[in-house]
Amino acid sequence: MTLRILVLGGDGYLGWPTAMYLSKQGHRVGVLDNFAKRRWEMELNVEPLIPIQTLHDRVKAWSEVSGQALDLFVGDLRNYGVVKEVVVGFRPDAIVHYGEQPSAPYSMMDHNRAVFTQTNNIVGTLNLLWVLRDFAPDCHLVKLGTMGEYGTPNIDIEEGFLEVEYKGRKDVLPYPKQPGSLYHLSKVHDSHNILFACRAWKLRSTDLNQGVVYGTDTDETVLDPRLATSFHYDEVFGTALNRFSVQAVAGIPLTVYGRGQQTRGFLNIRDTLRCVELAVLNPPRAGEYRVFNQFTETFSVLALAGLVKTQGARLGLQVKIEAIENPRVEAEQHYYNARHQKLLDLGLVPHLLSDVLLASMLRRIQEHAGRIKRDIILPRVRWDRSRASGDDHERAWSATVTAHD
């Protein structure tokens, strides 16, 4: 079955590999981006570890390498006219929506970035919903959500909905949300708006509540150096495993926030691509809003650091683990048991964080060790009121460090 699929945020870490992957499967794929992420990187003087080409050059390179064309659109989802023009012109059967500000620390940095995150993410998605309502009501919206919407409740986390019994009556209701940042809260608002649009306008949508993604490469990015995707390790756009892996290669102690018992779901970037494909190929019915929890394994932050230390030692790296003050306001020790069965039922075969995957990731980082910026790794963005103004982000905050190994 050949589909027309539009990838929003097609210049990003996940958007670009997703576009190539779906194109390789024979689908007609379009990518849209406004390159805002590149501007945010310049604001903060951070950059991906692996050099990446412009989206225009990558689209051209993909055509040369694969023989498959990608339709390229440049525009901002906050502009209703742009969204309408692209959707009406491309006529997608499915839209994969990555096109949002993706960083919790960025959203907590200062007032302006907090407001921008919510405005950018919520308004962009609202524009898209209205365009789908009026011009493409049968299009399937596959929206990237986050497991961070749920928070860390002291009960099992279901896939989007919870059966509740109260005063002798039962109902199935959206799972209560306790997001941990203003970025995660913007995703909650998205989920509510999409649920409403499906109920009121009979749209169809799959909300992919994704865990933390790791990995430097996919089967497509390794075909040519020009096809590489971004890989961030800095405090704002990087993830814990990415940061630990870069620190191991650079000889910097792995910085565990607080006790390190914060537990989250994780998945390899290749599994993200497959999860999106499974959602696209198995659309919901008209009027249905469904939620898939998209991760394959759970680890505590300290356990991740231990895995990196062990694998690094096998590669001859001298790796130490250190605890630093947690800049976030979060439960550092908590119950965490989240269901993630629906994608497995559709056929997902996970790539688990084995020694092979971790070793290949570390070796890939070693190839670009000369590009590591040591001064962008440690956290300077705080969740609490002890940081008085956004200007403080330009100065590193000091923390008491306790040896953890």
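This text follows the structure it describes.
Report follows, based on the coordinates. Quick caveat: nothing in here was measured; it's all calculated off a predicted structure.

## A look at the overall build of the protein chain
- The number of helices and strands found in the protein chain is 12 helices and 15 strands.
- For a compact globule of 405 residues, the expected C-alpha radius of gyration is about 22 Å, and the protein chain comes in at 21 Å, within 12% of that figure.
- Counting only C-alpha atoms and orienting by the principal axes, one finds that the protein chain spans roughly 65 × 55 × 40 Å.
- Evaluated residue by residue, the protein chain yields a buried proportion of 55% over its 405 residues.
- Considering only intrachain contacts with a sequence separation of at least 6, the fraction spanning at least 24 residues in the protein chain is 81%.
- Summing over all exposed atoms, the protein chain offers an accessible surface of approximately 17,200 Å²; the carbon and sulfur share of this is 50%.
- The positive charge centre, built from 46 side chains, and the negative charge centre, built from 47, are 1 Å apart in the protein chain.

## Observations regarding the nonpolar core
- Grouped together as the largest cluster of nonpolar side chains are 46 residues, with contacts concentrated most on Leu241, Phe244, Val246 and Leu254.
- Contributing elements (two or more residues each) for this core: helix H2 (36-44), helix H5 (104-107), helix H8 (240-250), strand E10 (254-257), helix H10 (301-314) and helix H12 (355-367).
- The leading source of residues in this core is H8, at six residues.
- If sequence neighbours within four positions are ignored, Val246 has contacts with Leu49, Phe231, Tyr233, Ile365, Ile372 and Ile377.

## What to know about helix H1 (residues 15-24)
- Burial runs high along H1: nine of the 10 residues are buried.
- Those residues of H1 that sit buried are Gly15, Trp16, Pro17, Thr18, Ala19, Met20, Tyr21, Leu22 and Ser23.
- The secondary structure elements touched by the buried residues of H1 are strand E1 (4-8), strand E2 (28-33), helix H3 (55-66), strand E3 (70-74) and helix H9 (269-281).

## Digging into the packing of helix H4 (residues 80-90) against helix H6 (residues 111-135)
- Contact pair H4 / H6: the axes reach a minimum separation of 9 Å and the direction vectors enclose 45°. Regarding the angle of H4 to H6, the classification is oblique. As H4 runs across H6, the sense of the crossing is right-handed. Of the residues in H6, those in contact with Tyr80, Val83, Lys84, Val87 and Val88 of H4 are Asn127, Leu128, Trp130, Val131, Asp134 and Phe135.

## Considering the side chain of Thr146
- Checked against the element boundaries, Thr146 lands in strand E5 (residues 140-146).
- Within the structure, Thr146 has its side chain in polar contact with the backbone nitrogen of Gly148 (distance 2.9 Å).
- Not counting chain neighbours up to four residues away, the residues in contact with Thr146 comprise Tyr183, His184, Lys187, Leu208, Asn209 and Gln210.

The rules we used
Residue numbers here run from 1 along each chain, matching the order of that chain's written sequence. Per-residue local features of the predicted model are confined to residues with pLDDT of at least 70, and side-chain atom pairs are confined, for both listing and counting, to 80 or more; whole-chain, interface and lining totals are unaffected and use all residues. Excluded from the side-chain calculation are hydrogens and water; included are all heavy atoms of the structure. By the criteria applied, helices consist of DSSP H or I runs no shorter than four residues and strands consist of E runs no shorter than two, each listed in order from the N terminus. Just to be clear, the radius of gyration here is over C-alpha atoms, and the globule rule we use is 2.2 Å times residues to the power 0.38. Whether a residue is buried, partly exposed or exposed follows from its accessible area with a 1.4 Å probe, protein chains only, as a fraction of its type maximum: under 20%, in between, or over 50%, in that order. Two residues form a contact once any of their heavy atoms are found within 4.5 Å. The protein chains shown are the only cover counted for residues, whose accessible areas, like all others here, come from Shrake-Rupley with a 1.4 Å probe. Note that His is not counted, nor are the chain ends; the positive residues are Lys and Arg, and the negative ones are Asp and Glu. Working definition for charges: the position is that of NZ of Lys, CZ of Arg, CG of Asp or CD of Glu. In this text, buried Ala, Val, Leu, Ile, Met, Phe, Trp, Tyr and Cys residues form a nonpolar core when linked through side-chain atoms within 4.5 Å. Fitted lines through C-alpha atoms serve as axes, helices being fitted only where they are in contact, and the angles separating the N-to-C directions of these axes extend from 0 to 180 degrees. Under this scheme an angle from 65 to 115 degrees is roughly perpendicular, one under 35 degrees roughly parallel, and one over 145 degrees roughly antiparallel; angles in between are oblique. Helix crossings fall into two classes, left-handed where the near helix is turned counterclockwise from the far one by less than a right angle and right-handed where it is turned clockwise. Any pair of N or O atoms that falls within 3.5 Å is considered a polar contact. Within protein, one atom must be able to donate a hydrogen and the other to accept it, and sequence-neighbouring residues count only if both atoms are side-chain atoms.

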